[in-house]
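# Structural features, examined
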Amino acid sequence: MNTPTNDPIVAEVRAARDKHAAQFGYDLTEIFRDLRERQQSSGRKYVRYAPRPPVATTTTSSMQQCYRVILRILPITATAESLADRRIDREFAGPTES
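Residues numbered from 1 in each chain as written. Predicted model: local features only at pLDDT ≥ 70, side-chain atom pairs only at ≥ 80, totals over all residues. Heavy atoms only, no water.

### Brief notes about the overall build of the chain
Assigned secondary structure in the chain consists of 4 helices and 0 strands. Starting at the N terminus and walking to the C terminus, you meet the elements of the chain as α-α-α-α. Here the chain holds 98 residues, and 11% of them are scored as buried. Carbon and sulfur atoms provide 58% of the accessible area of the chain, an area that totals close to 9,200 Å². (Helix = DSSP H or I, 4+ residues; strand = E, 2+ residues; numbered from the N terminus. Buried < 20%, exposed > 50% of the residue type's maximum accessible area, 1.4 Å probe, protein only. Areas by Shrake-Rupley, 256 points an atom, 1.4 Å probe, with all protein chains shown as cover.)

### Some points on the pattern of salt bridges
This model, assessed by the stated rule, comprises 2 salt bridges. Across the pair Arg33 and Glu30 runs a salt bridge whose closest N-O atoms are separated by 2.5 Å. Highlighted residues: Arg33 and Glu30, both in helix α2 (residues 28–42), separated by 3 residues, approximately one helical turn. Residue classification places Arg33 among the partly exposed positions, given a relative accessible area of 40%. Accessibility expressed as a relative area gives 29% for Glu30, which makes it partly exposed. (Salt bridge = Lys/Arg side-chain N within 4 Å of Asp/Glu carboxyl O.)

### A look at unusual backbone geometry
Positive phi, close to 60°, is recorded for Tyr26, a residue that is not glycine. Tracing the backbone shows Tyr26 in the loop between α1 (8–23) and α2. Take Tyr26: its relative accessible area is 47%, and that puts it in the partly exposed class.

### Considering α1
In this model, α1 (16 residues) spans 23 Å end to end at C-alpha, consistent with the 22 Å of a helix rising 1.5 Å per residue. N-capping of α1 is provided by Asp7, with a side-chain oxygen placed 2.8 Å from the backbone N of Ile9. Just downstream of α1, Gly25 is the residue with a positive phi angle, here 65°. (Expected span 1.5 Å × (residues − 1). Polar contact = N/O pair within 3.5 Å; in protein donor to acceptor, adjacent residues only side chain to side chain.)

Bear in mind that shape data such as this cannot, by itself, settle questions of function.
As structure tokens, this is what we get:
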């Protein structure tokens, strides 16, 4: 079985890619410009899909979530600091479920 490292087709594609990149001194801007020119001169119709809608995220960051978990795991005594930490924890928690 041929693995990707010794597959002759993969080797041929890599050699063609390297030859093309070498023509432009491996400058990505120039390589990209050449590919765009080739697309436009090919006469083919290229389709661009609309951008995906943004994914809804919660207002609580992962750092805030970690902080809340730590506060729940560590034993907290009723000191002024611990009460302040609990207040901060409630603020990070966001809306509560009813």
